[in-house]
Each structure stands twice: as structure tokens, then as C-alpha cells.
Amino acid sequence: MNGHPAGVGAPAPGFELRDQHGTPVRLTQFRGRKVVLVFYPLAFSGVCHRELSELRDFSAGDAQILTVSVDSMFTHRAWADQEGYIFPLLSDFWPHGQVARAYGVFDETKGVARRGSFVIDGEGVIRWSVVNPAGEARDVADYAKALADIS
């Protein structure tokens, strides 16, 4: 990986990516709301499946969950339909990993995003982040705590 994860207290890098339905999604469209931004390596893989299934069942309150991987929109659509994921699964397919790079979580050796998570406040500022090793799932309870800590 080149660079360091985007830092707490810094403005969240803006982006526009397509979701599993081909709809463009911009980070700025969620101003005024908290965002849980979750990068994951690949759809249909074991740890990623467990994490996104936990997110599917997680109540984020008024926060918007956005997930990002380098998979194509078509892969995301098949996975979302199969698993009942209704939050946006965003494709960082091309330019390959551009948004993951902006957040400092792109693994240049493997060509995928690392397990980076960011909680962004309504003003677009990163308020919490964590990056886990490839085989280590994140704990959904950490998102709940981070969201609760933002007034």
C-alpha cells in the first residue's frame, strides 16, 4: 500500500462512483448526514461476505452506509441481489482503485482495497477510522460506538 489512511479530523476525499444499479453516488450528496464508508477487498469472499452481512443487519440510525471495492458494478449487482444488500455497493473499478488510493487503503501489490472503514460527519470530516489486515473482520459494534460519539 502506498500512503497512509486518510486521517481523523481531515476532510473526507470526495468521490463519485456507480452503485450496483449503475446510479452515480457522490459523497457530497450525504452532507448533513453521517456516513459509514467501508472499503473491502472483493465481493463473494468469506470475510467480506460476513462483514457486509453484518452491515445489512446493522441499524446505523440516520447514518448512510456506503461500501466500496474494485469489483465491477455487475458483480456488485449479483452479490447484492443474492444477499439482500440494499445499501450502495460502489464500484471503484476504473480508474482502478482511485477512491481507495485517495483514502490511503489501496493495496498496490494485490490490486484491491484494504479493510478500511471511515465514519464521516455531516460536514464531510473524518471522525473515526480503522484499517484491518486482509483476513481480520471489522467489528460492527465499533461503527455504532463511533456514530454515537458524533453529536
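So, how was this worked out
Within each chain, residues carry numbers counting from 1 in the order of the written sequence. Since the coordinates come from a predicted model, pLDDT governs what is reported: local features require at least 70, and pairs of side-chain atoms require 80 or more to be given and counted, while whole-chain, interface and lining totals use all residues. Where side-chain values are given, they derive from all heavy atoms of the structure, hydrogens and water being excluded. Strands are runs of DSSP state E lasting at least two residues, helices are runs of H or I lasting at least four, and both sets are numbered from the N terminus onward. Throughout, exposure labels follow a simple rule: accessible area from a 1.4 Å probe, protein chains only, divided by the maximum for the residue type, with under 20% read as buried, over 50% as exposed, and the rest as partly exposed. The contact definition used throughout considers only heavy atoms, calling two residues in contact when any of these lie within 4.5 Å. Surface accessibility in these figures is a Shrake-Rupley result with a 1.4 Å probe; residues are shielded only by whichever protein chains are displayed. Only four residue types enter the tally: Lys and Arg on the positive side, Asp and Glu on the negative side; His and the chain ends are excluded. For charged residues, the charge sits on one atom: NZ in Lys, CZ in Arg, CG in Asp, CD in Glu. Pairing between two strands is assigned when DSSP locates at least 2 bridges connecting them. By nonpolar core we mean a set of buried residues, namely Ala, Val, Leu, Ile, Met, Phe, Trp, Tyr and Cys, connected to one another through side-chain atoms within 4.5 Å.

**Some remarks on the overall build of the protein chain**
Next up, step 1: Counting its secondary structure elements, the protein chain contains 4 helices and 9 strands.
Next up, step 2: Helices and strands appear in the protein chain in the N-to-C order β-β-β-α-β-α-β-α-β-β-β-β-α.
Next up, step 3: Counting only C-alpha atoms and orienting by the principal axes, one finds that the protein chain spans roughly 35 × 35 × 30 Å.
Next up, step 4: Residues counted as buried form 51% of the 151 residues belonging to the protein chain.
Next up, step 5: Pairs at least 24 apart in sequence give 67% of the contacts found in the protein chain among residues at least 6 apart.
Next up, step 6: For the protein chain, the exposed surface amounts to about 7100 Å²; the carbon and sulfur share of it is 52%.
Next up, step 7: Side chains of the protein chain carry 15 positive and 18 negative charges; the gap between the two charge centres is 2 Å.

**Overview of the pairing of strand 3 (residues 35-39)**
Next up, step 1: Burial analysis of strand 3 places 5 of its 5 residues in the buried class, which makes it a mostly covered element.
Next up, step 2: Across 5 bridges, the pairing between strand 3 and strand 4 (residues 64-69) is parallel. Residue Val36 lies in a different strand from strand 4, and its bridge partner there is Ile65.
Next up, step 3: Here 4 bridges tie strand 3 to strand 8 (residues 115-120), and the two strands are oriented antiparallel to one another. By the bridge assignment for strand 8, Val35 is matched with Ile120.

**Notes on the nonpolar core**
Next up, step 1: Residues Phe15, Leu37, Phe39, Leu66, Tyr103, Phe118 and Ile120 are the most contacted members of the largest nonpolar core, which totals 24 residues.
Next up, step 2: Elements supplying a minimum of two residues to this core: strand 3, strand 4, helix 3 (98-102), strand 7 (112-113) and strand 8.
Next up, step 3: Broken down by element, the residue count for this core peaks at 3 residues, all from strand 3.
Next up, step 4: Leaving out residues up to four positions away in the same chain, Leu37 has contacts with Phe15, Leu66, Val68, Tyr103, Gly116, Ser117, Phe118 and Ile120.
Next up, step 5: Leu52, Phe58, Ala63 and Val140 belong to the second largest nonpolar core, which has 22 residues in total.

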